[in-house]
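Observations on chain architecture
Read off the chains here:
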Amino acid sequence: MDIFRIEGPVRLTGSVRVNGAKNAALPIMAAMILAPGKSTLKAVPHLLDISVCNELLTSLGCKIQRQDNGNLCIDSTVVDNPVGDYEIVRRMRAGICILGPLLARCGRAEVSMPGGCAIGDRPVNLHIKGLEALGAKIHLKNGYIIAEAPKGLKGKEIFLGGSFGSTVLGTANVLMAATLAKGRTVIESAACEPEISDMANCLNRMGAKIAGIGSPRLTIEGVKTLKPTEYQVIPDRIEAGTFMVAGAITAGEMKLENCRINDMMAVVDKLRNIGVTIDAMNGGCVVCRRGKIKPADITTQPFPGFPTDLQAQFMALLSLADGNSVVIEKIFPDRFMHVAELNRMAANLRKEGQAVIVAGVKKLIAAQVMASDLRASAALVLAGLAAEGTTIVNRVYHIDRGYERIEERLSPLGAKIIREKE
Ligand code: EPU
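The sections below set out a description of the structure shown in this document.

Conventions adopted
Residues numbered from 1 in each chain as written. Predicted model: local features only at pLDDT ≥ 70, side-chain atom pairs only at ≥ 80, totals over all residues. Heavy atoms only, no water. Pairing = 2+ DSSP bridges. Helix = DSSP H or I, 4+ residues; strand = E, 2+ residues; numbered from the N terminus. Contact = heavy atoms within 4.5 Å. Axes fitted to C-alpha atoms, helices over the stretch in contact; angles between N-to-C directions. Patch = residues over 30% accessible without salt bridge, like charges linked within 9 Å, V, L, I, M, F, W, Y side chains within 5 Å. Areas by Shrake-Rupley, 256 points an atom, 1.4 Å probe, with all protein chains shown as cover. Salt bridge = Lys/Arg side-chain N within 4 Å of Asp/Glu carboxyl O. Buried < 20%, exposed > 50% of the residue type's maximum accessible area, 1.4 Å probe, protein only. Lys, Arg positive; Asp, Glu negative; His and termini not counted.

**Some points on the sheet that holds strand β7 (residues 108–112)**
As summarised here, the arrangement of the 4 strands in space is β6-β7-β9-β8, forming an open sheet in which the pairing is mixed. In the strand order of this sheet, the two ends are held by β6 (83–84) and β8 (137–141), each with one partner. Both β6 and β7 contribute to a ladder of 2 bridges, which runs parallel. Following the sheet pairing, G84 is matched in β7 by V111. Against the sheet, helix α4 (residues 99–106) contacts β6, β7 and β9 (144–148), and its axis sits at roughly 155° relative to β7.

**Description of a nonpolar patch on the surface**
Taken together, the side chains of M1, L48 and Y397 define a hydrophobic patch exposed on the protein surface, amounting to about 290 Å² of accessible area. Secondary-structure assignment places M1 in the segment before β1 (2–8).

**Structural notes on the side chain of E341**
Within the secondary structure, E341 is located in helix α11 (residues 337–344). Of the side chains with opposite charge, R344 lies nearest to the buried E341, which makes no salt bridge, at 4.2 Å. The contact partners of E341, leaving out residues within four places of it in the chain, are V369, M370 and L380.

**Details of the pairing of strand β15 (residues 253–257)**
Judged by which residues are buried, β15 turns out to be one-sided: M254 and L256 face inward and are buried, whereas E253, K255 and E257, on the alternate face, are not. Inspection of the sheet shows strand β2 (residues 13–17) paired to β15 by 5 bridges, in the parallel sense. The residue bridging T13 from the neighbouring strand is E253, located in β15. Relative to strand β17 (residues 284–288), β15 runs antiparallel, the two sharing 5 bridges. Counterpart to E253 in the pairing with β17 is C288.

So this is what it looks like as structure tokens:
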């Protein structure tokens, strides 16, 4: 297993390009199941999760090829094994989003129930509720979700909100299935995340009829068939936010290329309150911090609120604030694996139920720490850039799931991160 050896503190200056969004690319890849033929996706990042998704689609019968120019070609002419195998789905929870498109295309799907993970239980009741509303018969057998709709799906009005608000991949699943259902579907309390809008735009390019994109009410007029397409995935707002925090925590000056700050207003607003300057420029932005880090209160919420996927990174930043902050996690109440690890680096964090009280400290001190999930690991890398001494981050495969060669991309800006074998 690889580890990162990080020397700090450093000041990051220079420019970095943000990659295509993992969480848009994954459901868009699943959407290709709906349109038999060859599609081309651009700006799909080279990540562990994307490789697992390739493996999953290949196991269904698709043929996938990464071209020399980086484009991903998905040939879904044949989908003859509508089974999402446990051995693949357990490695990547987004595997669940083949359920809707497989059901719509094949009239049947068997997908392994995804297990819990380091960020919490992660149930799929809303995915099932939505697909049942479209007429699917669903039961569980040997840890698999068996969904059947031999006579096809039928449009319906569906309320998809749950106790924690909307569901991102649940919306993706029901939306994909509804594109080929007979008649009109209305998804109320749909997720409004830009990644869902990106997928919906891609589906429309394939011939779907989706209205209300970006709003909590999606209206879908079912069509008989969808056609293959060529589509470019949006920039990754979570990677962009992570880089912004890298600039902020190191008192650096970073230019982010390929970044849509309109998709990140909650994050940009918070950073500005913290004392970070963010100036939009053509296709990106410049991030700079000169003064002290001011404390802030953060509550994670569905889009357009502050994203849970940046909670850990901001906690690393607020650890060094000039005062006390409160971070409340409303999406995944157990997503606090980074708290104990940041405290190992001399942060002063105290968990109280769904909240963490962050008492700002003057400096972080390097330590040996353990990556536990993707975003928690990113927080440890950020802390390592600012901490005094050599931080060792173990199990960096978690970071590789969502950030492409992060060490190589931040090194030209002054980061001292070396990947080593354990
Ligand atoms: N929920 C239910 N029932 C369901 C589905 C979800 O109660 O059937 C609950 C969840 O337990 C959670 C809340 O609803 O409390 C929101 O979960 P959601 O379904 O929106 O999460 P997801 O679709 O499984 C995606 C991202 C996550 C991101 C969340 C929230 C992908 C591949 N994953 O997960 O990204 O944290 O939305 O924005 O898109 C990451 O990239 O590190 C990551 C974990």
